[in-house]
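Structural characterization, general
Given next are the chains, with one letter for each unit.
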Amino acid sequence: MSEFTNFEPMFQETYKFILDRIKSNQIYIMDEESRRGRLCWIKLVVNILAAISHTAGVLERIGQGADLVQLSTDLSAALILWQASLLYIQLCLNRKLLKNFLVHMGLNWRTDDQLRPDMVAVKHEYVTTFLRWISVFYKAVNTYLFLYLMPRLAYTAVKHFILKDSVTFVTPFYVKMPFKFDDNFLLYSLVYLADSKILQDVGYLVTFDLLFMNAALHHLRVMFVMLQDDLRHVHEESVEQAQNTLRKIIPLHQDLLRLMFELSDAFGAIFIIHLAFFSGTMCFFGFAARIHCSPESIKNLFAANIILVCIYTCCYYGQNLTDASVDIAQAAYESQWHLKSQEYKKCILIIMLRSQKAQYIKSTSFSDVSLETFTKILNVTWSFLSLITEVYEA
């Protein structure tokens, strides 16, 4: 990560934290040319094999006569594994785009000496609050994954070795293997731990790729807020100095708009993969909790809600970024341009014209990262859930 050395420590810290979590899946965004960067393809093969095993387990249970309620948990696990496989491919293919975007944003990040004291305080508050939030979120996800995956193995070991009772060797989700492992504790433990490790890495992947996008949206929005502050106070400078400041603001504004397009290219496909799979996963978990309200179904529904929070924050920060880019025009208008020279007015006009049209982060050509998109995905999810419930009850 040598490119990070020239960036402000506050900027580095957030992305190092996120990229370190993504590295657990052998995806090295900043070192995509190194040999380590090629390990992601091996990890992808392992993940695809796990997805095939879980899908085969679902098909076997269907052959045994399991209904939709009994299949909901295992079916959702298989869907998440296939989703993770697509995300692996997209992240591995997009490593260069992600790296270039991150470097470009870091080069345009404003240091404290370039800002007014009031704006420095605002910047620090925004960045440190976000870093604190993702740190707490990581601890919560880590604790949840451990409590979800490990207790069953501990319970089985205690009952088998200490209490000497008969116990069925079952994994967190039903998995079909080419060999029999449910009659040997050592073999069962190896399969259990391997499957749990894969599921834990998948959990990090499907949350921290969205947190990566969250951080990019949030920091880019902060950069627009800093630019607004420059425009609102540029009139306080002398005439010549104000004109020079505006000449610097125009290309900086253009760079920020370009960063919005780069962010769309880097994260658009990743976001649409999450949207495509989220409805199915949430429907099955919600269906199981609604029909058969067991502790297991509630625990699975909570897992789906973690992804829901990540998608919501993406849409929330995406909406804030769009609003901040539009507010540049208002900030330019408030800069007392009517008291300035003709050249000053021309510069302000250029900035206002560029900002009048709302620029959205695009996940596809027909889908924006905005609160409206989040509302649509919730409507679709609820419609699917209602349809599945009605068909099952009928």
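Refer to the preceding data block for the structure.
Summary of the structure given here. (Residues numbered from 1 in each chain as written. Predicted model: local features only at pLDDT ≥ 70, side-chain atom pairs only at ≥ 80, totals over all residues. Heavy atoms only, no water.)

**As for the nonpolar core**
- Counting residues in hydrophobic clusters, the biggest one holds 109 residues, and the most contacted among them are Met105, Phe212, Leu220 and Phe267.
- The element contributing the most residues to this core is helix 6 (residues 185-233), with 22 residues.
- Look past the residues within four positions of phenylalanine 267 in its chain and what remains in contact with it is Leu98, Phe101, Asp209, Phe212, Met213 and Ala216. (Core = buried A, V, L, I, M, F, W, Y, C linked by side-chain atoms within 4.5 Å. Buried < 20%, exposed > 50% of the residue type's maximum accessible area, 1.4 Å probe, protein only. Helix = DSSP H or I, 4+ residues; strand = E, 2+ residues; numbered from the N terminus. Contact = heavy atoms within 4.5 Å.)

**Regarding empty space enclosed by the protein**
- On inspection of all chains with the given rule, the structure shows one cavity of 30 Å³ or more.
- Approximately 410 Å³ is the volume attributed to the largest cavity.
- Those elements that place two or more of their residues in the lining of the largest cavity are helix 3 (68-93), helix 5 (117-162), helix 6, helix 7 (239-291) and helix 8 (295-333).
- Looking at the lining of the largest cavity, its residues break down into 19 nonpolar, six polar and no charged. (1 Å grid on protein atoms, 1.4 Å probe; cavity = no way out; pocket = protein on both sides within 12 Å on 5 of 7 lines; lining within 4 Å. Points joined across faces, edges and corners; volume = space filled by probe spheres on them. Nonpolar A, V, L, I, M, F, W, Y, C, P; charged D, E, K, R; others polar.)

**What about the packing of aromatic side chains?**
- Summed over the entire model, instances satisfying the criterion amount to 24 aromatic pairs.
- Measuring from ring centre to ring centre gives 5.0 Å for phenylalanine 11 and tyrosine 15, while their planes differ by 45°; the resulting arrangement is tilted. In this pair, phenylalanine 11 and tyrosine 15 are both assigned in helix 1 (residues 9-22), four residues apart and thus about one turn of the helix distant. Of the two residues examined, phenylalanine 11 and tyrosine 15, each falls in the buried class.
- Seen from their ring centres, phenylalanine 17 and tyrosine 138 are 5.7 Å apart, and the 90° between their planes marks the pair as edge-to-face. Taken together, the residues phenylalanine 17 in helix 1 and tyrosine 138 in helix 5 connect sequence positions 121 residues apart.
- Members of the aromatic cluster, each reached through a chain of ring pairs, are Phe7, Phe11, Tyr15, Phe101, Trp109, Phe212 and Phe267.
- Here the guanidinium or amino end of arginine 21 rests over the ring plane of tyrosine 138, the centre of that ring lying 4.7 Å away. (Phe/Tyr/Trp six-rings, centres within 6.5 Å; stacked < 30°, edge-to-face > 60°. Lys NZ or Arg CZ within 6 Å of the ring centre and 35° of its normal.)

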